[in-house]
Amino acid sequence: MHLGTRPILRRVALTGAALLAATAAMPQASAATGDRIPAGGGLSAVIRYTENGIPHILARDYAQLGFGTGWAQAADQVCVLADGFVTVAGERSRWFGPDAAPDGSLSSATRNLASDLYFKGVRESGTVERLLATPAPAGPTKDLKELMRGWAAGYNAWLAQNGITDPACKGAAWVRPVTPTDVAARGFAVSVLGGQGRGIDGITAAQPPAARPPGAQPPAAAAPGAPAPARGPAAEPDPATAAQAARDFFDTGRYDMGSNAVAFAGSTTASGSGLLLGNPHYPWQGGRRFWQSQQTIPGKLNVSGGSLLGTAVVNIGFNEKVAWSHTVATGTPVSLHQLALDPADPTAYLVDGKPEGMTRRTVTVPVSDGDPVTRTQWWTRYGPVVSNLGPGLPLPWTAGTAYALNDPNAANLRGSDTALAMGKARSVAGIQDALARTQGLPWVNTVAADSAGGTLFTQSQVLPRITDELAARCSTPLGRATYPASGLAVLDGSRTDCALGADPDAVQPGVFGPAKAPTLRDAPYAENSNDSAWLAHAERPLTGYERVWGNVATPRSMRTRGALEDVSAMATKGRLTVSDLQEQQFANRVPAGDLAAADAAKACSALPGGTATGSDGSVVDVSAACPVLAGWDRTTDSASRGALLFDRFWRRLTASTAAKDLWLVPFSAADPVRTPHTLNGAAPGLGRALADAVAELRAAGIALDAPLGEHQFVVRGGQKLPVGGGTEALGVWNKIEAPWNAAAGGYPEVTHGSSHIQAVGWDRGHCPVARTLLTYGQSSNPGSPYSADQTRLFSQERWVTARFCERDILTSPQLKVVWARERR
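The structure reproduced in this document is the subject of the present report.

The rules behind the values
- Residues numbered from 1 in each chain as written.
- Predicted model: local features only at pLDDT ≥ 70, side-chain atom pairs only at ≥ 80, totals over all residues.
- Heavy atoms only, no water.
- Helix = DSSP H or I, 4+ residues; strand = E, 2+ residues; numbered from the N terminus.
- Contact = heavy atoms within 4.5 Å.
- Phe/Tyr/Trp six-rings, centres within 6.5 Å; stacked < 30°, edge-to-face > 60°.
- Buried < 20%, exposed > 50% of the residue type's maximum accessible area, 1.4 Å probe, protein only.
- Pairing = 2+ DSSP bridges.
- Axes fitted to C-alpha atoms, helices over the stretch in contact; angles between N-to-C directions.
- Disulfide = S-S within 2.5 Å.

A separate point is the environment of F794. Assignment of secondary structure puts F794 in helix α22 (residues 789-795). Sequence separation of F794 and Q432 is 362 residues, and the distance between their C-alpha atoms is 32 Å. Excluding residues within four positions of it along the chain, F794 makes contact with W284, F586, V723, N734, I736, S754, I757, L773 and T775.

Our next topic: the packing of aromatic side chains. With the rule as written, the count across this model stands at 22 aromatic pairs. Here the aromatic rings of W284 and Y776 are separated by 6.1 Å at their centres, their planes lie at 75 degrees, and the arrangement is edge-to-face. With W284 in the loop between β5 (275-283) and β6 (290-297) and Y776 in the loop between β31 (769-774) and α22, this residue pair connects regions lying 492 residues apart in the sequence. Judged by centre distance (5.8 Å) and plane angle (50 degrees), the ring pair of F586 and F794 falls under tilted.

Attention shifts here to helix α10 (residues 239-249). Taken together, the buried positions of α10 are A242, A243, A245, A246 and F249. Taken together, the buried residues of α10 touch α14 (477-486).

Okay, the sheet that holds strand β15 (residues 383-384) next. Within the open sheet, the three strands sit side by side as β13-β14-β15. Their pairing is antiparallel. In the strand order of this sheet, the two ends are held by β13 (359-365) and β15, each with one partner. Pairing between β13 and strand β14 (residues 373-380): seven bridges, direction antiparallel. Each bridged residue has a counterpart across the sheet, and for T362 the counterpart in β14 is T376. Sitting on the sheet, helix α5 (residues 112-124) is in contact with β13 and β14, with an inclination near 120 degrees to β13.

Here A82 is to be found in helix α3 (residues 62-88). Residue A82 is classed as buried on the basis of its relative accessible area, which comes to 2%. Residue contacts for A82: discarding those within four places in its chain leaves Y155, W174 and V175.

This part takes up the state of the cysteines. A complete count under the given rule lists four disulfides for this structure. Bridging C474 to C498, the disulfide has an S-S length of 2.1 Å. Because the sign of the S-S torsion sets the handedness, a value of about -85 degrees for the bond joining C474 and C498 places this disulfide among the left-handed ones. With C474 in helix α13 (residues 468-474) and C498 in the loop between β19 (490-492) and β20 (519-521), the pair connects residues that are 24 residues apart, well separated along the chain. Pair check on accessibility: C474 and C498 agree, each one buried. For C604, the disulfide goes to C626, at an S-S distance of 2.0 Å. Across the disulfide from C604 to C626, rotation about the S-S bond amounts to roughly -75 degrees, and the bridge is consequently left-handed. Taken together, the residues span a long stretch of sequence, with C604 in helix α17 (residues 591-605) and C626 in helix α18 (residues 625-631) at a distance of 22 residues. The disulfide pattern of the protein is 1-2, 3-4, 5-6, 7-8 when the bonded cysteines are numbered in sequence order.

Set out below in structure tokens:
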């Protein structure tokens, strides 16, 4: 229902007291409980839309707040949401075919069939229902369950009352009403994204070795903890190879999720209050997008920020007193347990010499245009048997050995409770307390600032309780290679004395308590760019934590180095304001360029005859590239000339050249921000990388000094929008990742990068000073006015002024009020 007149609006919500009265007049929340699809019950919420389609959801309790959130998310993202519910129901093969690839938003499964086998197994085993029934704090709170119940009702009510216009799912039979358990199942998928969700292919492919022919003798039992000899084509993983594969598998720089975040203390700011700049790097398409809103229950909750689609809470954001963001953490969220198998039965394993049978989970998946597919998964006391962690780390199931994957986040449905508690916090101390009470974050760090000038960095994530002592005592030969390299423990699963144990302050067994999390409070700045906690502040390194949390005294990524240089200089400058945060977001400085461009130009000029040999053996005249590299402004602004050439050159050079050969001055733990440095002009492959980059651009008809924005762009509504920013290899804060497509003009679409950006501070007034930007817009429907409006702002490096306080909401020139409600 649209309330089009300003007098009506003001009668609905002119002051805080009037808001309370308005919410009290709303229909009472439904008393219905359980998992049926709500057909009525009178849930409702007032949704007040301001510029860029940002909803401010007003409700009288958590069920109705969830209702308004589910309604508003459906209005913007119904097709993406519906697709995700197909995923967690295990029905992708039925609707989209077994061999197609999921969008990757809810797992790393490479085919729909593997995704379905896993998620249908989760549903049929009652995993989510058991977690919902677990009392808090180990399980979700009553408030969260009410939010999820309301979210499902709001989503369903929107479906019932509105026609779908998005061509992605208009008229599709797979768009259906959902239940609260569907919402919880989506939360479960998010929780295990870094664990079981990354191992789905290996979980669903793991099968015992072929049965022995009649009369054949069983193999000799393997010694506890020692790999058994392989039989047939299976081979035990080589430790050295496995160490590198594990390092690659858990390398946060390779994810399609990452982030930067920095908090500045009051000692560095003009107002004496804290400042926060959050810059998460997430996919621009699919179900892992953020969505903006403000959620208000008068007297209980008032928070604004970004929510992951399908969640009923604000995941990153701010309130009157505190602001926070998350960055993907380096903690290794899983462990492996190497099983010594019963010689008589490869589906039984020995624990203290006694056989223990695996649990057989048989799952049948409907398939489009074909017979249903039935497969069996095998589960142990540690978790599912897994045949690999990515193609580089095979974990073969032999007659004597198998591997089980332990993911403690498979028992964690508390992530949204953590977000809800953080939304109520009034300080960084309150944020820390919320994290300690709920312990729900599965794979992220937290960076926060408050109005009193406090700062916080903490890696309070749910991790398996792998101490260095336990790893030393219980690692198998494979684990002795993988644990130091990546934090991936491979423990002897045949011994109960190798169990993970429990910390007294942990809400579930087998995980670290919050007291063990690397934490930095009230530093002049606290920053993270997806490296470990070691250098949250360059001059106050964090040490003493177990290897599973991350490494120390090791080279930092180019993005971390650049970020630390920038924020340290900002803190030293002092008198910072929100405007300084906005400038940092779009500075687009290229740390790799500052380190290497001048030396690359010199090496280019020194090439005999101005030529270099490409990887195909052709001789390329690169002389024109030398002045372009020398004259480049070392940024990835849209107008920057030379950025594209350096980008294409640098990607090739770093992909083919080890760090020890790339730099003349190696890494030093005593100077980790500035080392390594000084490009080796004689580095193997430098000339080849330059020749290939020049040849590539010329073949595509792209000038070597073309402005970056002419060839890094997106097209929205037929309009070409230049995009600034740069890739991980360049180290740019404003991270942008885009596939190269020479035929389409270069980088014609962004796949992931800067997403829900927020710059937040306080000026001692009642309202926070906040600027936000959702780079891809609120809606995935191309027909929506909010599908590309903020993308245009991002292209122009402009921001949205957040409307948080009542007077700001009510004075929006684009204010529109919707009373969303169930129809009885």
